[in-house]
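Next come the chains, spelled out residue by residue.
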2 protein chains.
Amino acid sequence: MTGLKNDRLLRALRRQPVDVTPVWVMRQAGRYLPEYRSTREKCGSFMSLCQNPQAACEVTLQPLERFDLDAAILFSDILTIPDAMGLGLYFVEGEGPRFRKVVSTPGDIEALPVVNTLKDLTYVTDAVRVIRRELNGRVPLIGFAGSPWTLATYIIEGGPSREFAQTKALVYDQPEVLALLLEKLTASVIDYLNAQIAAGVQAVQIFDTWGGVLSASAYLKFSLAYMQRIVSALNTGPDGDPVPVILFTKGGGTWLEQMAESGCHALGLDWSQDIAQARRRVGDRVALQGNLDPAVLRSSPRVIAEEVDLILERFGSGSGHVFNLGHGITPDIAPDNVAALVDAVHTQSVKYH
Amino acid sequence: MTGLKNDRLLRALRRQPVDVTPVWVMRQAGRYLPEYRSTREKCGSFMSLCQNPQAACEVTLQPLERFDLDAAILFSDILTIPDAMGLGLYFVEGEGPRFRKVVSTPGDIEALPVVNTLKDLTYVTDAVRVIRRELNGRVPLIGFAGSPWTLATYIIEGGPSREFAQTKALVYDQPEVLALLLEKLTASVIDYLNAQIAAGVQAVQIFDTWGGVLSASAYLKFSLAYMQRIVSALNTGPDGDPVPVILFTKGGGTWLEQMAESGCHALGLDWSQDIAQARRRVGDRVALQGNLDPAVLRSSPRVIAEEVDLILERFGSGSGHVFNLGHGITPDIAPDNVAALVDAVHTQSVKYH
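**Description of the overall build of chain A**
Within chain A, the secondary structure is distributed over 16 helices and 9 strands. Scaling as 2.2 N^0.38, a compact globule of 353 residues should have a C-alpha radius of gyration of about 20 Å, and chain A matches this with 19 Å. For the C-alpha atoms alone, the extent of chain A along its principal axes is close to 60 × 45 × 40 Å. A burial count over chain A gives 56% of its 353 residues as buried.

This is the structure:
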């Protein structure tokens, strides 16, 4: 399989036998690592780090130097797409992302271009190539994008939100205007992920961070339907095999059956879900990824091992499980606790394989 | 049934036949009503309003004067219990509740008293009696309390939180310390709800606003187990019948089966859940309450009627449905849209009964 020395992740995503449960950590290249903070400081801003393929490669590999992780994930941000649409992404310390350009009228949405990755986001595909070269087959590289709905919330609200009042106003009062934006984002994400695949990513994850704020019917119509179109439009990898796709809707626990019908290979679970129940519900249609509460990493190696065991035991025997957190790791975590997590997953999962 | 002119709510909670689906609105006595803002202004602070039985009665009845609601809910706050424990509750405009006293050590928790409602919270039971007298059997009066877990998060974090880092540190590192706090809160909530029942509330709701931030296993252990004890310790009403209990865990959609086994009469659903799927999962064990996205109320009467119809149709024929929002109404809603909601529920639900 493309000469990988460690192909556990791809095998688990395809529900093929593995020796131990593979593990990676959402936001594993991040602020909890002093070496990350150092590289980021050298680059100036978060966006300068994303836009510098050598630096992006450096931080992508940093967690692999420390921990026995089974995957690397491209260092980037889901908001590269709105940035490439010309919205002027920047970050306010402690407050998160903002855009220089406001998108508030139907005309603003009509004026937005579809992203052409090879023209507008070459720093991403360049980073993929550099990282693949540096990884040299050690573990697979995961690419990613935000879901169209999640990207739309940032664009319409102009940054993070709690109530998503303006985006929901479009859901209920101007669904055709929202659909136009979601169409452009869907075309952009397809182009973006196919460019990442062509450049060398070996699996992709779609982050639907805010799908869970919708009602069940609105979720199916305004988030899942577009993710489904993305899944079915992705190209195969250079070996001709489909590239595994992980769908992760935070707060999407009651919609797993419908998500599993999307054609994706795996579902990411947040930590509120019992993985045993989730496995019963999706059957053998998809693999499952998750789902430790990131808060457990603030505890001790002993408690981390216990909580890892609980999830491994709830998933049970057989392949189709990729261990991960239920959401991104927070900046306050001690790196040694991540080592304890990775070690616990590998040693304690042997008996289930 | 205790001489009620409108007993739809109690009948639906007991899954007995009704003519139309009953409806009430979480936080129906609240800031979206100009008459509420006026009463509150007269009282000075939010807590002065809660602590004045006449004023609490006045705002409890205000929404019933405007809308054809099928229930009144006691005007109060879930944090009356920590306040009565001596923590000094106050509200910071735009930031929510705060406590004057910090609870951070096991010793702080040991020092907390169990609430004696008839001594510490007579303003609540007084308000219940005044409201019952003024309601004069028009609709039933709902009492309520926060869940022990939810109250514990406010006490430990000192106010609202996003990550609940300190409370989760207790979950994973000092579960016995957390258990001590939850025991005291459980005893307090039992005393409080039984005092409300003795004073005249005809149904109760337990608000587990933050149960959904826990992992599945932690939820069962640190939230549901205590709510279950509360449910089984509640006294019957003056007629000797059990007082219906509604459990509402926001974000609890994947745990409905376990919640339905708690002995409660109904589950409150947030808006992320498909009520048809929820009904299939809980069968005829409990009634369901919910679950319109509060954001729909920012839209037009036409859209409100459509979204109401969708939920009524998804629930389907038969009793056991109490219409409500999936969370509290927000202050920016036009009162006329609440009228449209209530009207839509009553007129459109006829065909399902």
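That covers the picture; the talk isn't over yet.
**Quick look at the interface of chain A and chain B**
Taken together, the contact pairs 25 residues of chain A with 24 residues of chain B. Of all the secondary-structure elements, those providing two or more residues to the side of chain A that touches chain B are α10 (165-173), α12 (216-233) and α15 (301-315) of chain A. Classifying every residue of the side of chain A that touches chain B by side-chain character gives 10 nonpolar, 10 polar and 5 charged.

**Focus: the relation of the copies chain A and chain B**
In this arrangement, two copies of a chain are superimposed by a rotation about an axis accompanied by a shift along the axis. Least-squares fitting of chain A to chain B yields an RMSD of 0.0 Å, with the transformation described by 0.0 Å of translation along the axis and a rotation of 180 degrees. Here the two chains are linked by the operation of a two-fold rotation axis. It is T254 of chain A whose C-alpha, among those of chain A, lies nearest the rotation axis, at 2.9 Å.

**A short note on the sheet that holds strand β5 (residues 203-208) of chain A**
Residue and element names in this part refer to chain A. The strand order across the open sheet formed by 7 strands is β1-β4-β5-β6-β7-β8-β9, and the pairing between neighbours is parallel. This sheet does not close on itself; its edge strands, each paired only once, are β1 (72-73) and β9 (321-325). Bridging between strand β7 (residues 266-268) and strand β8 (residues 287-292) involves 3 bridges; their strand directions are parallel. Across the sheet, G268 pairs through a bridge with Q289, a residue of β8.

**Concerning the packing of helix α9 (residues 148-157) of chain A against helix α11 (residues 175-199) of chain A**
Residues and elements named next belong to chain A. α11 packs onto α9 with a crossing angle of 120 degrees between their chain directions and a minimal axis gap of 9 Å. By the angle class used here, α9 and α11 are oblique. Taken as a pair, α9 and α11 cross one another with a handedness that is right-handed. Contact residues: P148, W149, L151, A152 and I155 in α9; L178, L181, L182, L185, T186 and V189 in α11. Class assignment of the residues belonging to the contact of α9 with α11 gives a composition of 10 nonpolar, 1 polar and no charged.

**Side note on the confidence of the model for chain A**
Mean pLDDT over chain A stands at 97; residues scoring 70 or higher make up 99%. Complex prediction metrics read pTM 0.96 and ipTM 0.95.

**Quick notes on the environment of H346 of chain A**
All names here are of chain A. When you line up the elements, H346 lands in helix α16 (residues 335-349). C-alpha of H346 to C-alpha of Q258: the two residues are 88 residues apart in sequence and 31 Å apart in space. What H346 contacts, discounting residues up to four positions off in sequence, is V20 and D68.

**Let's talk about the pairing of strand β6 (residues 245-249) of chain A**
Put simply, side chains in a regular strand alternate between the two faces of the sheet. Residue and element names in this part refer to chain A. The element β6 is extensively covered by neighbouring structure, given that 5 of its 5 residues are classed as buried. Along β6, one buried face is formed by V245, L247 and T249 and the opposite face, lined by I246 and F248, is buried too. Pairing geometry for β5 and β6, over 5 bridges, is parallel. Across the sheet, residue I206 finds its bridge partner in β6, namely L247. Taken together, β5, α12 and β6 form a β-α-β motif whose crossover is right-handed.

**Focus on the environment of N52 of chain B**
With respect to the helices and strands, the residue N52 of chain B is situated in the loop between α3 (46-50) and α4 (53-66). Note: C-alpha distance between N52 of chain B and D126 of chain B (74 residues apart in sequence) is 8.9 Å.

**Comments concerning the pairing of strand β2 (residues 89-92) of chain B**
Residue and element names in this part refer to chain B. With 4 bridges connecting them, β2 and strand β3 (residues 96-99) associate as antiparallel partners. In the strand pairing of β3, F91 is matched with P97. Hairpin connection of β2 to β3: 3 residues between the antiparallel strands, including G94 at a positive phi of 80 degrees.

**A few points about the sheet that holds strand β9 (residues 321-325) of chain B**
Residue and element names in this part refer to chain B. The parallel open sheet is built from 7 strands, whose spatial order is β1-β4-β5-β6-β7-β8-β9. Of all strands in the sheet, those bounded by a partner on one side alone are β1 (72-73) and β9. Of the strands in this sheet, β4 (141-146) and β5 (203-208) touch helix α11 (residues 175-199), which is tilted by about 170 degrees from β4. Against the sheet, helix α15 (residues 301-315) engages β8 (287-292) and β9, with an angle of about 155 degrees to β8.

**Some words on the environment of A12 of chain A**
Residues and elements named next belong to chain A. Among the secondary structure elements, A12 is positioned in helix α1 (residues 8-13). Residue A12 is classed as buried on the basis of its 29 C-beta neighbours within 10 Å. In this structure, the C-alpha to C-alpha distance between A12 and R280, residues 268 residues apart in sequence, is 17 Å. Among residues more than four places away in sequence, those in contact with A12 are V18, T21, P22, A287, S319, G320, H321 and V322.

**Some thoughts on α15 of chain B**
Residue and element names in this part refer to chain B. Here α15 contains 15 residues, and its C-alpha end-to-end distance of 21 Å stays within 8% of the 21 Å for a straight helix at 1.5 Å per residue. Here α15 has its buried residues at I304, E307, V308, I311, L312 and F315. For α15, the angular spread of buried residues about the axis comes to 140 degrees, placing them on one side. Looking at the buried side of α15, the elements it contacts are α14 (275-282), β8, β9 and α16 (335-349). Phi turns positive, to about 90 degrees, at G316, one or two residues after α15.

**A few points about unusual backbone geometry**
Cis rather than trans, the peptide bond between G290 of chain A and N291 of chain A has omega equal to -10 degrees. The residue N136 of chain A is not glycine, and still its phi comes out positive at about 50 degrees. Along the chain, N136 of chain A turns up in the loop between α8 (122-135) and β4 (141-146). Despite not being glycine, R27 of chain B has its phi angle at roughly 65 degrees, a positive value. Among the structural elements, R27 of chain B can be located in the loop between α1 (8-13) and α2 (34-43).

Cut-off values and rules
Residues numbered from 1 in each chain as written. Chains lettered and ligands numbered in written order. Predicted model: local features only at pLDDT ≥ 70, side-chain atom pairs only at ≥ 80, totals over all residues. Helix = DSSP H or I, 4+ residues; strand = E, 2+ residues; numbered from the N terminus. Rg over C-alpha atoms; globule rule 2.2 N^0.38 Å. Buried ≥ 20, exposed ≤ 12 C-beta atoms within 10 Å, placed from the backbone. Contact = placed C-beta atoms within 7 Å. Nonpolar A, V, L, I, M, F, W, Y, C, P; charged D, E, K, R; others polar. Least-squares fit on C-alpha atoms with pLDDT ≥ 70 in both. Pairing = 2+ DSSP bridges. Axes fitted to C-alpha atoms, helices over the stretch in contact; angles between N-to-C directions. Parallel < 35°, antiparallel > 145°, perpendicular 65-115°, else oblique. Left-handed = near helix turned anticlockwise from the far one by under 90°. pLDDT = per-residue confidence, 0-100. Right-handed = clockwise from strand over helix to strand, strands pointing away. Expected span 1.5 Å × (residues − 1). Arc of directions from axis to C-beta.

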